[in-house]
Amino acid sequence: VLCAIRMGCPYSCIAVIGSLFFLSNFFMPLGKTIMARIGAVKTISLCWWLRNSAILLLAAAPFFSYLFSPVVIPFIFIAVTSLFYSCRSVGLIGFRPIMKSITTPENRGNFSSISSGLFYLANLIMLVLVILVMSISRATGVFIGIIIFGAGFGLAATWFMSRIEEPDEIRESARQPI
């Protein structure tokens, strides 16, 4: 949203971008369908790859603005944000079955709390780094650099995620009706 404001998107576009986080939850049933066909790990990996590739398109928005017209920027932001959050919703479906397959009922709560804590700690560290970088400069190039850096981390995480082996029972479970 901050990048959209920086790029001069109209307020109506920013409102749409803000609502896409919630509207994308309608794509969760698609995640169950994809998971039944290709498995949870491949579903998550595919969605993460699509999310981070979409964000790289967002980083190219100034270039598209230069090539075509500044009028295309709101359309790029809405399209990319739609893809980003839709893939998030589709990919979220696979996390619980994977957690169930790599933990036991006895250690699932401990594993979940530690992994969630580490996730939020990493988010806090990255937020502090972004604040520090943005306090030095708020130029558009800095926004774009932060986006590219984040997408790079996301693509690296996708590679690691795709290496997890999953049991066939996850796919079988996803094939069961809700």
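Above this text is the structure in question.
Residues numbered from 1 in each chain as written. Predicted model: local features only at pLDDT ≥ 70, side-chain atom pairs only at ≥ 80, totals over all residues. Heavy atoms only, no water.

Draft legend 1. Layout of the packing of aromatic side chains. According to the stated counting rule, one finds nine aromatic pairs in the structure shown. Between the aromatic rings of Phe21 and Phe22, the centroid separation amounts to 5.1 Å while the plane-to-plane angle is 90 degrees, which identifies the pairing as edge-to-face. A relative accessible area of 30% places Phe21 in the partly exposed class. Here Phe22 falls in the exposed class, since its relative accessible area comes to 57%. Three or more aromatic residues link up through ring pairs in this structure, and these residues are Phe21, Phe22, Phe84 and Tyr85. Over the ring of Phe84 we find Arg51, and its NZ or CZ is 4.0 Å from the ring centre. (Phe/Tyr/Trp six-rings, centres within 6.5 Å; stacked < 30°, edge-to-face > 60°. Buried < 20%, exposed > 50% of the residue type's maximum accessible area, 1.4 Å probe, protein only. Lys NZ or Arg CZ within 6 Å of the ring centre and 35° of its normal.)

Draft legend 2. Main features of the environment of Cys9. Tracing the chain through its elements places Cys9 in the loop between α1 (2-6) and α2 (11-23). Overall, Cys9 belongs to the buried group, its relative accessible area being 7%. Put simply, Cys9 and Pro70 are 61 residues apart on the chain and 9.2 Å apart in space, counted from C-alpha to C-alpha. In contact with Cys9, other than residues within four places in its own chain, are Ala4, Ile14, Ile73, Pro74 and Phe77. (Helix = DSSP H or I, 4+ residues; strand = E, 2+ residues; numbered from the N terminus. Contact = heavy atoms within 4.5 Å.)

Draft legend 3. Structural detail: the packing of helix α3 (residues 28-38) against helix α4 (residues 40-59). Running from N to C, α3 and α4 cross one another at 125 degrees; their axes reach a closest spacing of 7 Å. Accordingly, the angle class assigned to the pair α3 and α4 is oblique. Crossing geometry of α3 relative to α4 is assigned as right-handed. Listed contacts from α4 to Gly31, Ile34, Met35 and Ile38 of α3 are Ala40, Lys42, Thr43 and Leu46. Of the residues contributing to the contact of α3 with α4, the split by class is five nonpolar, two polar and one charged. (Axes fitted to C-alpha atoms, helices over the stretch in contact; angles between N-to-C directions. Parallel < 35°, antiparallel > 145°, perpendicular 65-115°, else oblique. Left-handed = near helix turned anticlockwise from the far one by under 90°. Nonpolar A, V, L, I, M, F, W, Y, C, P; charged D, E, K, R; others polar.)

Any functional reading would require information beyond the geometric quantities listed.
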